[in-house]
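Structural characterization, general
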Amino acid sequence: MLTILDHPLAAHVITHLRDKTTKPATFRTLAYQISLLLAIEATRRLATEAKTIDTPLEPVTGRVLGPQPLVVVPILRAGLGMVQPFVDIFPDVSVGYIGLERDHETAVARSYYCKLPPLAGRHVFLVDPMLATGGSAVKAIEVVQSHGATDVVLVSIVSSPEGVAEVEKHFPRLPIFTAALDRELNARKYILPGLGDFGDRLYGT
Ligand code: PRP
Ligand code: URA
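Report on the accompanying structure. Small disclaimer: the values here were computed from a predicted structure and weren't measured.

1. A word on the site of ligand 2
- In the vicinity of ligand 2, the residues found are R102, M130, A132, K189, Y190, I191, G196, D197 and F198.
- A distance of 2.8 Å separates an oxygen atom of ligand 2 from a polar backbone atom of I191.
- Within the backbone of F198, a nitrogen or oxygen atom sits 2.9 Å from an oxygen atom of ligand 2.
- For ligand 2, whose free accessible area comes to 240 Å², the fraction covered by protein is 90%.
- If you map ligand 2 onto the pockets, it falls in the largest pocket.

This is the structure:
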C-alpha cells in the first residue's frame, strides 16, 4: 500500500536534497522539512476522540488524538534525520532504535543494534530515508513484529520500485509512505536518480 506525497513543498525540498551541491547543514534542514510533511501524511488516519472544552465564549466539542501510543523507530544511522519532526508534533511519542548497515559490496544489511520500547498495541512508524533493495526495511519490519508490533507503517523519503516491491512481497498490507518513487537501482544498488548516500550527506562523512 504505497502513498506518494503529493505537495509542491515536498517536490521543492526533494529537488534540493538531490542537488549534490547541497551542504550537510542545509541537507539536515531539508531532511527535517520533508520528514515533517511525511509525518503529517503518515498519521492522517490516526484515531481521534471527542473532547468538550470551553472557548473564552462558549463550550464546544472538538476532537483530540485517541489514546493509542505512538512509537517512531529510525533505522540507524540515516533514519535519525527523520525522528525530530515526529517528536516535535507528537510530544508523547516513544523512540526505539534499530541499527542496520548495508555491506558495501553485497548491499545486504547487517544488524548491529536494537533498542525498542514495548510495541504491542502501539502505532509504530519505522523511518528510513532510503528504500533501495528493501532489504533493510524488510529486516526492520521483521524485528519490530518480533517485538510485538502489529500496526507498522514504513516512512521513507526516496524509494525505488524494487524496494517497494520487496516490502510489498513480504508485507502486502503494510502502508508505505514516500516522498519520491524513483526510476531504478544501479549496479551498486543505489537509487537513480536518487540523492546518493543519505547518511554520508546528512553527517558529512
Ligand atoms: C541506507 C539507508 C537504508 C538502506 C537502504 O543505510 O538509510 O537503511 O541503506 O538500502 P536497502 O533498501 O538496499 O537495504 P546504510 O546501510 O547506508 O547505513 P547508514 O544509514 O548507516 O548510512
Ligand atoms: N542508501 C542510500 O543512502 N542511498 C541509496 O541510493 C541507496 C541506499
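2. Examining the side chain of T22
- Tracing the chain through its elements places T22 in the loop between α1 (8-18) and α2 (24-42).
- Leave out the neighbours within four places in its chain, and T22 touches H16, F27, L30 and R201.

3. Quick look at the side chain of H123
- Assignment of secondary structure puts H123 in strand β8 (residues 123-127).
- The exposure class of H123 is buried, given its relative accessible area of 13%.
- Polar contacts involving the side chain of H123 include one to the side chain of Q68, which spans 2.8 Å.
- Leave out the neighbours within four places in its chain, and H123 touches L46, Q68, P69, L70, V71 and D151.

4. Quick look at the packing of α1 against α2
- Packing of α1 against α2 leaves a shortest axis separation of 10 Å and a crossing angle of 150 degrees. One element, α1, and the other, α2, form an angle in the roughly antiparallel class. Here the hand of the crossing between α1 and α2 comes out left-handed. Contact with α1, carried on its side by L9, A10, V13, I14, H16 and L17, involves F27, L30, A31, Q33, I34 and L37 of α2 and no other residues of that element.
- Tallied by class, the residues present in the contact of α1 with α2 amount to ten nonpolar, two polar and no charged.

5. Details of the packing of helix α4 (residues 135-146) against helix α5 (residues 161-170)
- α5 packs onto α4 with a crossing angle of 30 degrees between their chain directions and a minimal axis gap of 8 Å. As far as their axial angle goes, α5 and α4 are roughly parallel. Remark: the crossing between α4 and α5 carries right-handed chirality. Residue-level inspection shows A137, V138 and I141 of α4 in contact with α5, the latter providing E166, V167 and H170.
- Residues of the contact of α4 with α5, tallied by class, amount to four nonpolar, one polar and one charged.

Rules and cut-offs
Residues numbered from 1 in each chain as written. Chains lettered and ligands numbered in written order. Predicted model: local features only at pLDDT ≥ 70, side-chain atom pairs only at ≥ 80, totals over all residues. Heavy atoms only, no water. Near = heavy atom within 4 Å. Polar contact = N/O pair within 3.5 Å; in protein donor to acceptor, adjacent residues only side chain to side chain. Areas by Shrake-Rupley, 256 points an atom, 1.4 Å probe, with all protein chains shown as cover. 1 Å grid on protein atoms, 1.4 Å probe; cavity = no way out; pocket = protein on both sides within 12 Å on 5 of 7 lines; lining within 4 Å. Sits in = over half its atoms within 2 Å of the grid points. Helix = DSSP H or I, 4+ residues; strand = E, 2+ residues; numbered from the N terminus. Contact = heavy atoms within 4.5 Å. Buried < 20%, exposed > 50% of the residue type's maximum accessible area, 1.4 Å probe, protein only. Axes fitted to C-alpha atoms, helices over the stretch in contact; angles between N-to-C directions. Parallel < 35°, antiparallel > 145°, perpendicular 65-115°, else oblique. Left-handed = near helix turned anticlockwise from the far one by under 90°. Nonpolar A, V, L, I, M, F, W, Y, C, P; charged D, E, K, R; others polar.

Everything listed here is a matter of coordinates, which is why it stays silent on function.
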